[in-house]
Amino acid sequence: MPARRSVKSDDDRATDAHIRSRDYLGQPDIDRLLAAAKKSRHGVRDRLLILMMFRHGLRVSEVIALRRRDVDLAQSRIWITRLKNGLSVEQPVAGDELRAIKRWLARRDDALPWLFVSERKLPLTRQAVNYIVGTAGTRAGLERVHPHMLRHSCGFALANKGRDLRVIQDYLGHRDPRHTAHYTRTAAHRFDDLW
């Protein structure tokens with residue numbers, strides 16, 4: 001007769017801890033992350049990469065697919081091609097972000113089509129983006145920062161600003177509003193003036 005395994009877990013975390021765990025960064029943490037990225041060897045590129053991932057709620061695959069032609073510097077706009085059957089949209093580019101894009105492009109001496117390239121003149125890989133974000137997180141003193149946290153941080157930041165659920169849904173490219181709804185659950189402002 002085979003030995004029976006005990007199915008009792010020593011892990012005393014709640015069963016829904018993975019749902020309740022904080023998988024986003026607040027604005028002070030984003031600021032620390034951006035400052036840390038700026039101090040890296042490729043600080044101009046790395047800071048811009050993190051800023052754009054946060055501001056536009058970009059997935060890693062979406063940020064590495066960005067092309068120079070997607071950015072309209074004259075109109076301060078960027079075309080975001082969403083993946084995973086998402087809604088692709090044009091989004092505004094804020095002044096500080098526009099200046100960072102111009103600074104990055106001014107440093108480049110190539111005519112490659114990608115917005116983000118490595119020092120070997122190749123498009124950034126998923127692994128490179130994971131490394132850039134993780135290293136900046138460590139340098140900023142933040143625990144376990146990964147690129148998808150920046151997308152969640154975007155959604156939570158917009159919800160905390162009181163933006164409409166439908167606007168957040170379109171901005172992040174979600175086809176199904178259920179994917180957007182969890183961002184509004186932690187927004188404290190939604191209880192303001194309830195009574």
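See the structure shown above.
Residues numbered from 1 in each chain as written. Predicted model: local features only at pLDDT ≥ 70, side-chain atom pairs only at ≥ 80, totals over all residues. Heavy atoms only, no water.

> Give me helix 7 (residues 147–160): which residues, what numbers.
Under the 1.5 Å per step criterion, the end-to-end length of helix 7 is 20 Å for 14 residues, consistent within 8% with the ideal 20 Å. Of all 14 residues making up helix 7, 11 are buried, and the element is well covered by its neighbours. Listed in full, the buried residues belonging to helix 7 are P147, M149, L150, R151, H152, S153, C154, G155, F156, L158 and A159. Directly after helix 7, the chain includes G162, whose backbone phi takes a positive value near 85°. (Helix = DSSP H or I, 4+ residues; strand = E, 2+ residues; numbered from the N terminus. Expected span 1.5 Å × (residues − 1). Buried < 20%, exposed > 50% of the residue type's maximum accessible area, 1.4 Å probe, protein only.)

> Before we move on, could you go through the pattern of salt bridges and cite the residues and values that matter?
Summed over the entire model, instances satisfying the criterion amount to 12 salt bridges. When the shortest N-O distance is used, the salt bridge between R32 and D29 registers 3.4 Å. A residue pair is termed a helical-turn pair when its members lie 3 or 4 positions apart in one helix, as R32 and D29 do in helix 2 (residues 27–38) at 3 residues. With a shortest N-O distance of 3.7 Å, R166 and D170 are connected by a salt bridge. Linking R166 with D170, this pair stays in helix 8 (residues 165–172), spanning 4 residues, or about one helical turn. (Salt bridge = Lys/Arg side-chain N within 4 Å of Asp/Glu carboxyl O.)

> Can you lay out the pairing of strand 2 (residues 77–80) for me, pointing to particular residues and giving the numbers?
In strand 2, alternate side chains face the same way, and those of I78 and I80 are buried while those of R77 and W79 on the opposite face are not. Summarising the sheet, strand 1 (residues 71–72) and strand 2 pair through 2 bridges and their orientation is antiparallel. Note that in strand 2 the partner of D72 across the bridge is R77. Where strand 1 hands over to strand 2, the hairpin turn is made up of 4 residues, of which S76 adopts a positive phi near 55°. (Pairing = 2+ DSSP bridges.)

> Which residues make up helix 2, and what values do they have?
The α-helix advances 3.6 residues per turn, and as a result positions three or four apart in sequence lie on the same side. Look at helix 2: 16 Å from first C-alpha to last across 12 residues, which is about the 16 Å you get at 1.5 Å a residue. Residues of helix 2 that are buried: D29, I30, L33, L34, A36 and A37. On an axial view of helix 2, the arc spanned by its buried residues comes to 165°, and they lie on one face. Those residues of helix 2 that are exposed and angled more than 90 degrees off the buried face are P28 and K38. Among the structural elements, helix 3 (43–56), helix 6 (126–139) and helix 7 are those in contact with the buried residues of helix 2. (Arc of directions from axis to C-beta. Contact = heavy atoms within 4.5 Å.)

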